[in-house]
Every structure is written in structure tokens, then in C-alpha cells.
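Tertiary structure, described
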Amino acid sequence: MRDVYLVGAGQTPFGSFPDRSYRDLFAEAYHSAIDSVDRAPDPDDIDEAVVGSLGVGGRQLGLSGPAVTEHVGLHNVTCSRIENACAAGGFAVRQAVQAVKSGMADVVVAGGYEVMTDMSSDATKYWLGVSGETEWERLTGTTFAGVYAQMASAYLDEYEATTEDLSRVAVKNHGNGAKNPKAHLGFSCSLDDAVNAPDVAAPLNLYHCCPTSDGAAVALFVSEDVVDQYSDERIRVAGSGGASDHVGLAERDSYTSLSATKTAAESAYDEAGVGPDELDFAEVHDCFAIAELLAYEDLGFCEEGQAHTLLRDGKTDPDGELPVNTSGGLKSKGHPIGATGTGQVVEIFDQLTGNAGERQLDEPTRGLAHNVGGSGGATAIHIFEQEVGQ
């Protein structure tokens, strides 16, 4: 199969935009991605488009892919919509990569969008809840915060981590997000702020939970056969992994690990021919603070029960051995469901091309994006590497 390259990526700000439509947001992200390409493709060059969206609020549920691609002039392009809860964007990327690898397409757009802030809190809870186990979680009154609170409680009971460690995730990611002009909650916070915030679902408090956001993000993938036409950069998709698990938490073997993440990571590392110790940075799915701690372990960044030590030692800080969520993560940057996975790819692209502004790391060459659906029912992982000297 052919090599796949990331040649462009762009996004809107994430936040609350009551005067904007999902089509408008997608168009901004699409044009931002096109503008980031060294030699931008014409619309006729694009063979396929894959769009991720949960469809919050029930807008254009049918044909929502063509509804946004037609808005940017991509007519007669093969287009499909991916819905895999919060991992919709990550799986849109995976489908785009597979289309190019297989030889069925040379230039593919992977995008995502969501509008979430124009509904009541009760309606938003409904649309988020349908990504969990409907019968035994949502219909019995359990929210996603409640599900992740159960995971957090189990983790804190089993290991030496504390609620203060959950707050350290918030402090780190808000510090990164304060340097990101596209972040929804682009402000820093102190440890005291994060420790003393009101409870949402104990042991999770307000600072342990990401916001619901509006936004869109788009990435452009091309084959090795045409990459020279578009880019002087060589950001290769070195590895791609995807996996699923039980949708409901009660059906799983563990509350403190996501098997879908472990399986997807194993596939991505194997394809890339690297291990976690060879990464320079990572964007992980921190919808709740506990999710970032679990990701450290499931992705192999540390042993089970040791995630809190990475935080306390500063290893995942921007100047640490393995910076995590330099964008601010879902916690600070925001979480417009369909755009979250593609938004992670935007940060990967910006870091590897040296365009991350105040967040820029020191010459990174390899980054990982980790996107989770629901409370772990699906996971997509991609490893990107800058081919130095090309």
C-alpha cells in the first residue's frame, strides 16, 4: 500500500458562536486547511471527502457530508459522513488515510464539525448521552460526567493518585490553551482554582470537565504519487490504528483502562515501527481529567497506576520529556464533537511544520493523535512523522 502524507490542516476557533451555522464553520476550516498547503489543490483535484459529525441537535442528519462539501464548491466528489460519537473526526481521518493507502484516491479531505451551544443544557445532555449505552446508562439517568466519575473513583481507589492529580491535568492544559488563540477556554488557572471548583459528579469537579463547543476542523491527505505537486513538507502518516469495545461501562472488564485504546495503539505503533518512547509529543482525548490519566497508561507512556507520576514530575509539560495536549486539549481548546479528532491533527500539523506560535516545541519530528468515542466504545489513533531531509 502507498504512503500517505498530511499536506494541510486548519480549523476555526472553538467556542460558542450563536450567529454561525455548521456550513459556515466548515467552510472556514476548509479554506484554512487549503491555505496551509504549499501549493493548494484545485477543487477538481480532490477525489473524496469524509466528514465527522454526531449531528448534535438533529440538524442535517441525512447527507450532512454533502451539505458541507457543496458549500465549499466540492461538487461531484465522493463524500460520506462518519458518526462514531466523540471519535467521529478521528475515524474520518482513518477513512481518508485508508482511501489513499488503497489507491482508490490520491487527494482526500477529512473534516469534522459540530454546533453544540445553541441548545438547553437538558437537550445537550441528551445528545451527548446517546453516545453512551442508551438503555442502561442514559435512560437510567447517568450522564457522561457520571460515567467518567465512576472511572475516576475506581482509579483513585485502586492507585495512589488523588483528586489533586486530576486538577493538575486541568492546570497543565489550561496553561497550554492560554497560548492557543483558537481555544474555547483560553485562560490559565491555578491549582487552587482547579482543586476548589464546584463538583459536577464527584470526584470530578468543574475544572475536570471539558466544555461543549462549536467548531470545525479539516485536514488534507495525499498519496506518495502526488505529494510533490502540493507540498515541500513530508509529514507522513506513519501508523493508523482503530478499535472498538463495549459501549456500556458495566459490560467491560476494567473501569481503569480502555481496551480500545490499547488495541488501536498497538496497531498504530506496529505499523509505524516505533514505540511510545519514540514520540516527541501527543494530543490525547481528555474529555474529563481522568481520561488523560488513563490515556497515559493505555498508550504505553507509563506503567499502570503511574500516570500521576508523569504529571507530578512535569514529564507531560511543554518542556517535559513527552508534552501532551500542547493545544490545550479538549479541556481548554474545546470539544466540538465531530471536529475534535481532526482538530488534534491540526495541532500535529502546526507543531511539525513549526507553526504552533507560542506553543511551538523544539523541532519535534513525531506526534500521536488519540481520539475516543463515548466512554471508550471506539478509539482512533494516528502517528505522524516529519521525514527530515526530504
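One can find the structure itself at the top, above this paragraph.
Structure report, in brief. (Residues numbered from 1 in each chain as written. Predicted model: local features only at pLDDT ≥ 70, side-chain atom pairs only at ≥ 80, totals over all residues. Heavy atoms only, no water.)

Describing the overall build of the protein chain
As a reminder, the rule being used: Think of it this way: any DSSP run of H or I at least four residues long counts as a helix, any run of E at least two long counts as a strand, and we number them from the N terminus. The globule rule used for comparison is 2.2 Å times the number of residues to the exponent 0.38, while the radius of gyration itself is calculated over C-alpha atoms. To sort residues, take the accessible area from a 1.4 Å probe on protein chains only and compare it with the maximum for the residue type: under 20% means buried, over 50% means exposed, and anything in between is partly exposed. The contact criterion used is simple: two residues touch if any of their non-hydrogen atoms lie within 4.5 Å.
A tally of helices and strands in the protein chain yields 13 helices and eleven strands. For the protein chain, whose C-alpha radius of gyration is 19 Å, the value lies close to the compact-globule estimate of 21 Å for 390 residues. For the protein chain, with 390 residues in total, the buried portion stands at 61%. When contacts within the protein chain are restricted to residue pairs at least 6 apart in sequence, those whose partners lie at least 24 apart make up 78%.

Structural notes on the pattern of salt bridges
Convention followed: Here a salt bridge means any side-chain nitrogen of Lys or Arg lying within 4 Å of a carboxyl oxygen belonging to Asp or Glu.
The tally for this structure, following the rule as stated, stands at 19 salt bridges. Measuring nitrogen to oxygen at the nearest pair gives 2.8 Å for the salt bridge that ties Asp225 to Arg2. In this pair, Asp225 sits in the loop between strand E7 (215-223) and helix H8 (227-230) while Arg2 sits in the segment before strand E1 (4-11), placing the two residues 223 residues apart along the sequence. For the salt bridge of Arg39 with Asp232, the shortest nitrogen-to-oxygen distance reads 3.1 Å. Residue Arg39 is found in the loop between helix H1 (22-36) and strand E2 (48-52), and its partner Asp232 is found in the loop between H8 and strand E8 (235-244); the two are separated by 193 residues along the sequence. Each member of the salt-bridge network shares a partner with another, and the members are Asp3, Arg236, Arg366, Glu385 and Glu387.

Looking at the nonpolar core
To be explicit about the condition: Working definition of a nonpolar core: buried Ala, Val, Leu, Ile, Met, Phe, Trp, Tyr and Cys residues. They are joined through side-chain atoms within 4.5 Å.
Counting residues in hydrophobic clusters, the biggest one holds 53 residues, and the most contacted among them are Tyr148 and Phe301. Those elements that place two or more of their residues in this core are helix H5 (144-158), helix H6 (163-177), E8, helix H9 (259-272), helix H10 (289-298), helix H11 (307-312), strand E10 (366-373) and strand E11 (378-386). If you tally residues by element for this core, the top one is H5, at nine residues. Ignoring anything within four residues of it in the chain, the contact list for Tyr148 reads Leu204, Cys287, Phe288, Ile290, Ala291, Val372, Gly374, Ser375 and Gly376. Ranked by size, the runner-up nonpolar core spans 34 residues in total, among them Leu6, Ala9, Val100 and Val237.

With respect to unusual backbone geometry
Between Ala202 and the following residue, Pro203, the backbone shows a cis peptide bond with an omega angle of 10 degrees. In the Ramachandran plot, Asn325 falls in the positive-phi region, its phi being about 60 degrees despite a non-glycine side chain. Structurally, Asn325 can be placed in the loop between H11 and helix H12 (329-332). A residue is classified by how much of its surface remains accessible, and Asn325, at 0% relative accessible area, is buried. Despite not being glycine, Glu363 shows a phi value in the positive range, around 50 degrees. Along the polypeptide, Glu363 turns up in the loop between helix H13 (337-352) and E10.

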